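Examination of the molecular architecture
What follows is the residue order along each chain.
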Amino acid sequence: MPQFPACPQCTLDNTYPDGDNYICPDCGFEWPQTAAAEEGEAASGPVLDANGNPLASGDTVILIKDLKVKGSSIVLKKGTKIKGIRLPEGAGDHEVDCKTDQGAFMLKAEFMKKA
């Protein structure tokens, strides 16, 4: 019998595939079968800035574009220097955790360049 992943919501092992999704009959949660493969691919590669340079935790970066903060009137201006970035694991598509004068944000690396 093939081994299917445990449910990410209730952590029980009673899951089964249905089309392109896994389904947990205990809690009714559904999730795509390809999500685990995509997460593994994203975590394996280095985080690159807009110019293709690899970023590391503690680097200083400069924003290359004005970024509007969703749900707020804050705009992070082009040319803003951000010191001491962090690259947390499993952050989804926002790879860089940073602190600015306006607050703490999760940003995409494609909008910054290494200083």
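Residues numbered from 1 in each chain as written. Predicted model: local features only at pLDDT ≥ 70, side-chain atom pairs only at ≥ 80, totals over all residues. Heavy atoms only, no water.

1. Points about the packing of aromatic side chains
Inspection of every chain in the model, using the stated rule, returns 3 aromatic pairs. Measuring from ring centre to ring centre gives 6.0 Å for Phe4 and Tyr22, while their planes differ by 55°; the resulting arrangement is tilted. In this pair, Phe4 sits in the segment before β1 (16–18) while Tyr22 sits in strand β2 (residues 21–23), placing the two residues 18 residues apart along the sequence. Judged by its relative accessible area of 15%, Tyr22 falls in the buried class. Centroid distance Tyr22 to Trp31: 5.6 Å. Interplanar angle 40°. Geometry classified as tilted. A network of ring pairs unites the aromatic residues Phe4, Tyr22, Phe29 and Trp31 as a single cluster. (Phe/Tyr/Trp six-rings, centres within 6.5 Å; stacked < 30°, edge-to-face > 60°. Helix = DSSP H or I, 4+ residues; strand = E, 2+ residues; numbered from the N terminus. Buried < 20%, exposed > 50% of the residue type's maximum accessible area, 1.4 Å probe, protein only.)

2. Digging into the sheet that holds strand β10 (residues 112–114)
Reading across from one edge, β7-β4-β10 is the order of the 3 strands in this open sheet, with antiparallel pairing throughout. Bordering the open sheet on either side are β7 (81–82) and β10, each of which pairs with just one other strand. Where strand β4 (residues 61–63) and β7 come together, 2 bridges link them in antiparallel fashion. Residue pairing in the sheet places Val61 in a bridge with Ile82 of β7. (Pairing = 2+ DSSP bridges.)

3. Quick look at the side chain of Asp59
Examined against the element boundaries, Asp59 turns out to sit in the loop between α1 (35–44) and β4. Asp59 sits in the buried class, given a relative accessible area of 15%. Among the polar contacts made by the side chain of Asp59, one reaches the main-chain amide nitrogen of Ala56 at a distance of 2.8 Å. Apart from the residues within four sequence positions on either side, Asp59 is in contact with Pro54, Ile82, Lys83, Gly84, Ile85 and Lys114. (Polar contact = N/O pair within 3.5 Å; in protein donor to acceptor, adjacent residues only side chain to side chain. Contact = heavy atoms within 4.5 Å.)

4. Some words on the UniProt feature "domain: Protein YjdM N-terminal" (unreviewed entry) in the protein
Residues annotated by UniProt as "domain: Protein YjdM N-terminal" (unreviewed entry) correspond here to residues 3–32. End-to-end, the C-alpha atoms of residues 3–32 are 16 Å apart, and along that stretch the chain is 0% helix and 30% strand. (UniProt positions renumbered as here; feature names shortened; annotations may be inferred.)

5. Overview of the sheet that holds β2
Read from one edge of the open sheet, 3 strands run β1-β2-β3, paired in antiparallel fashion. Strands at the two margins of the open sheet, each flanked by one partner only, are β1 and β3 (30–32). Taking the axes of each pair of neighbouring strands and ignoring which way they run, one obtains an average angle of 35° across the sheet. Sheet topology note: the β1/β2 ladder contains 3 bridges and is antiparallel. Counterpart to Tyr16 in the pairing with β2 is Ile23. (Axes fitted to C-alpha atoms, helices over the stretch in contact; angles between N-to-C directions.)

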